[in-house]
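# Structural features, examined
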Amino acid sequence: MEQEKSKKDVIAKLQKEILLLQGFKPASVAEQSIGLGAIETAFPNAVFPTGAIHEFLCVKPECTAASQGFIAGLLNVLMQKDGICLYISRSRNLFPTALYAYGVEPHQIIFIDLDRERDVLWAMEEALKCKELAAVIAEIRDISFAQSRRLQLALEKSQVTGFILRTAADRITSTACVARWQITPVESESKDGMPGLGFPRWQVELLRVRNGNPGTWQIEWAASKFEVIPEAAPQELPKRKIG
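## Details of the nonpolar core
Note that soluble globular proteins tend to have their nonpolar side chains buried in a common cluster. Leu-36, Phe-56, Phe-70, Leu-75, Phe-163, Trp-181 and Trp-202 are the most contacted members of the largest nonpolar core, which totals 42 residues. When residues of this core are traced back to their parent elements, those giving at least two are α2 (61–78), β2 (85–89), β4 (135–140), β5 (161–166), β6 (179–185), β7 (201–209) and β8 (215–222). For this core, the leading source of residues is α2, giving eight residues. Residue contacts for Phe-70: discarding those within four places in its chain leaves Leu-36, Phe-56, Trp-181, Ile-183, Trp-202, Val-204, Ile-219 and Phe-226. Counting 20 residues, the second-largest nonpolar core is a separate cluster that includes Ile-53, Leu-133, Ile-140 and Ile-143.

The following block contains the structure:
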């Protein structure tokens with residue numbers, strides 16, 4: 001019995017160490033919630049993994065815009081205390097002034113526009129090694145497992161959080177990213193019967209998360225925070241093979 005208990009203790013210790021290496025922090029040492037509410041329970045220890053790479057599938061331009069808004073909401077927390085973020089792409093389509101709506105100052109984002117996709121990946125890898133950055137975002141068409149693994153290795157010491165907007169959704173392959181998301185815009189609701197647009201609203205699909213529980217939610221960005229829409233309770237995604 002003691003030998004069996006010892007084996008279980010060793011396995012439990014190894015599992016904790018692996019989760020730490022993958023960016024999953026114990027709840028007791030987490031600095032703060034990222035503000036996603038019930039969505040955070042999908043992650044191990046109910047903690048959003050920082051110091052890791054998150055992948056966003058952007059099948060249409062509107063999905064890219066929705067993903068940018070969702071990430072901007074995350075940056076609201078990640079970039080506190082005057083943090084700096086790098087945004088690397090070949091054809092930037094983010095309107096910097098729109099970041100104000102998410103509590104992010106445009107001057108906190110350094111935009112790098114490059115000609116070749118391989119240069120985007122190289123720049124992201126180098127940026128992820130800089131511990132002075134709060135986050136690094138890159139727009140790319142595609143990425144291989146080996147390339148994503150290099151990015152993950154680059155941030156192991158710096159613990160910078162990386163976001164990849166992957167626009168060639170017709171060529172989905174396995175990656176070393178800790179989570180795979182798909183963000184889709186949802187029709188907003190006007191408040192108090194007032195005419196005009198309501199707050200940004202999205203359907204958030206966590207398609208894959210290492211050692212966690214995929215699911216789908218509808219959320220809204222209002223009053224400078226994410227709010228899970230009660231009527232759209234979280235649903236467990238059907239099991240399917242995801243690369």
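## Observations regarding the confidence of the model for the chain
In this model, the chain carries a mean pLDDT of 84, and residues with pLDDT of at least 70 account for 78%. Note that residues 27–31 has pLDDT below 50 and, in this model, three contacts with residues that lie over four places away or in other chains.

## Details of the side chain of Gln-182
The topology assignment puts Gln-182 in strand β6. Among residues more than four places away in sequence, those in contact with Gln-182 are Leu-57, Val-59, Gln-203, Val-204, Glu-205 and Leu-207.

## What to know about empty space enclosed by the protein
Empty space among the atoms can be located by rolling a probe the size of a water molecule over them. Here the structure, examined in full by the defined rule, presents one cavity of 30 Å³ or more. Space inside the largest cavity adds up to approximately 70 Å³.

## A few points about the packing of aromatic side chains
The final tally for this structure, using the stated rule, is 14 aromatic pairs. With centroids separated by 6.4 Å and ring planes inclined at 25°, the aromatic side chains of Tyr-102 and Trp-202 adopt a geometry described as stacked. Taken together, the residues span a long stretch of sequence, with Tyr-102 in the loop between β2 and β3 (109–113) and Trp-202 in strand β7 at a distance of 100 residues. For Tyr-102, a relative accessible area of 12% translates into the label buried.

## Some words on the pairing of β2
In terms of burial, β2 is largely enclosed, as five of its five residues are buried. By the alternation rule, side chains of β2 split into Cys-85, Tyr-87 and Ser-89 and Leu-86 and Ile-88, which are all buried. Here β2 pairs with β3 via five bridges, running parallel. Pairing of Ser-89 across the sheet is with Asp-113, part of β3. Across four bridges, the pairing between β2 and β4 is parallel.

## A closer look at α2
A rise of 1.5 Å per residue sets the reference length of α2, with its 18 residues, at 26 Å; its end C-alpha atoms lie 25 Å apart and thus fit the reference within 8%. α2 sits mainly inside the fold: 15 of its 18 residues count as buried.

## What about the packing of helix α3 (residues 117–127) against helix α4 (residues 145–154)?
Between α3 and α4, whose axes approach to 8 Å, the crossing angle comes to 25°. Between α3 and α4, the angle falls in the class roughly parallel. Note that α3 runs across α4; the crossing there is left-handed. Listed contacts from α4 to Leu-121, Met-124 and Glu-125 of α3 are Gln-147, Arg-150, Leu-151 and Ala-154.

The rules we used
- Residues numbered from 1 in each chain as written.
- Predicted model: local features only at pLDDT ≥ 70, side-chain atom pairs only at ≥ 80, totals over all residues.
- Heavy atoms only, no water.
- Core = buried A, V, L, I, M, F, W, Y, C linked by side-chain atoms within 4.5 Å.
- Buried < 20%, exposed > 50% of the residue type's maximum accessible area, 1.4 Å probe, protein only.
- Helix = DSSP H or I, 4+ residues; strand = E, 2+ residues; numbered from the N terminus.
- Contact = heavy atoms within 4.5 Å.
- pLDDT = per-residue confidence, 0-100.
- 1 Å grid on protein atoms, 1.4 Å probe; cavity = no way out; pocket = protein on both sides within 12 Å on 5 of 7 lines; lining within 4 Å.
- Points joined across faces, edges and corners; volume = space filled by probe spheres on them.
- Phe/Tyr/Trp six-rings, centres within 6.5 Å; stacked < 30°, edge-to-face > 60°.
- Pairing = 2+ DSSP bridges.
- Expected span 1.5 Å × (residues − 1).
- Axes fitted to C-alpha atoms, helices over the stretch in contact; angles between N-to-C directions.
- Parallel < 35°, antiparallel > 145°, perpendicular 65-115°, else oblique.
- Left-handed = near helix turned anticlockwise from the far one by under 90°.

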